[in-house]
Amino acid sequence: MDKTRNSENLKRHQHPSNISRTFFSISTLSKIVDMSSPKATEVKTLIASDKVVIFSKTYCPYCKMAKEVFDKIKEKYTTIELDLRDDAEEIQEILGEITGAKTVPRVFIKGNCVGGGSDVKSLHEKGELQTLVV
């Protein structure tokens, strides 16, 4: 095989992957979230409903990690288990708008997002979590 022919094959094989990348980036665009909608108001109300609020999914190991930290320090919390709700995707879009991340857990202390499971665990290990919940 000569180099020219090999080069043409390479170009031909690259083209479909470029299409895939373009399709992938288009498909991952965020939805527009109406933060004045009734659902956004409901999410904000849930966040304000308790000192510690955790948006979670029952099967998520990072959610379990966050809950275990609060259990360990004997701090009461409210959990919203998104996988048990029909509006989970909509709530996660709203959380993404509020916090910059749609992943769970999303942990709020006194209305402020402190991050996810690893963040909560790190705050606890540094002795900072306890001061936030006082």
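Residues numbered from 1 in each chain as written. Predicted model: local features only at pLDDT ≥ 70, side-chain atom pairs only at ≥ 80, totals over all residues. Heavy atoms only, no water.

Draft legend 1. Up close: unusual backbone geometry. Between Val104 and Pro105 the backbone carries a cis peptide bond, its omega angle lying at 0°. Considering the arrangement of structural elements, one finds Pro105 in the loop between α4 (88-99) and β3 (106-109). Backbone geometry places Lys74, a non-glycine residue, at a positive phi of 55°. Residue placement: Lys74 occurs in the loop between α3 (61-72) and β2 (78-81). Under the relative-accessibility criterion, Lys74 is labelled exposed at 74%. Although it is not a glycine, Lys110 sits at a positive phi angle of roughly 50°. Mapped onto the elements of the fold, Lys110 is located in the loop between β3 and β4 (112-115). (Helix = DSSP H or I, 4+ residues; strand = E, 2+ residues; numbered from the N terminus. Buried < 20%, exposed > 50% of the residue type's maximum accessible area, 1.4 Å probe, protein only.)

Draft legend 2. α3, seen in detail. Here α3 is 12 residues long and its end C-alpha atoms lie 16 Å apart, about the 16 Å a rise of 1.5 Å per residue gives. What α3 keeps buried is the set Cys63, Ala66, Lys67, Val69 and Phe70. For α3, the buried positions fall inside an angular range of 155° around the axis, keeping them on one side. Exposed positions of α3 whose direction lies more than 90 degrees from the buried face are Pro61, Lys64 and Lys72. Considering only its buried residues, α3 is in contact with β1 (52-56), β2, β3, α5 (117-125) and α6 (129-133). Following α3 by one or two positions, Lys74 adopts a phi angle in the positive range, close to 55°. (Expected span 1.5 Å × (residues − 1). Arc of directions from axis to C-beta. Contact = heavy atoms within 4.5 Å.)

Draft legend 3. Highlighting the confidence of the model for the protein chain. The predicted model of the protein chain has a mean per-residue pLDDT of 85, with 78% of residues at 70 or higher. Per-residue pLDDT stays below 50 along residues 1-28; that stretch engages in one contact with residues further than four places along the chain or on separate chains. (pLDDT = per-residue confidence, 0-100.)

Draft legend 4. Main features of the environment of His124. Position of His124 among the secondary structure elements: in helix α5. Classification of His124 as buried rests on a relative accessible area of 18%. Residues His124 and Val69, 55 residues apart in the sequence, show an inter-C-alpha distance of 7.3 Å. Leaving out residues up to four positions away in the same chain, His124 has contacts with Val69, Lys72, Ile73, Leu129 and Gln130.

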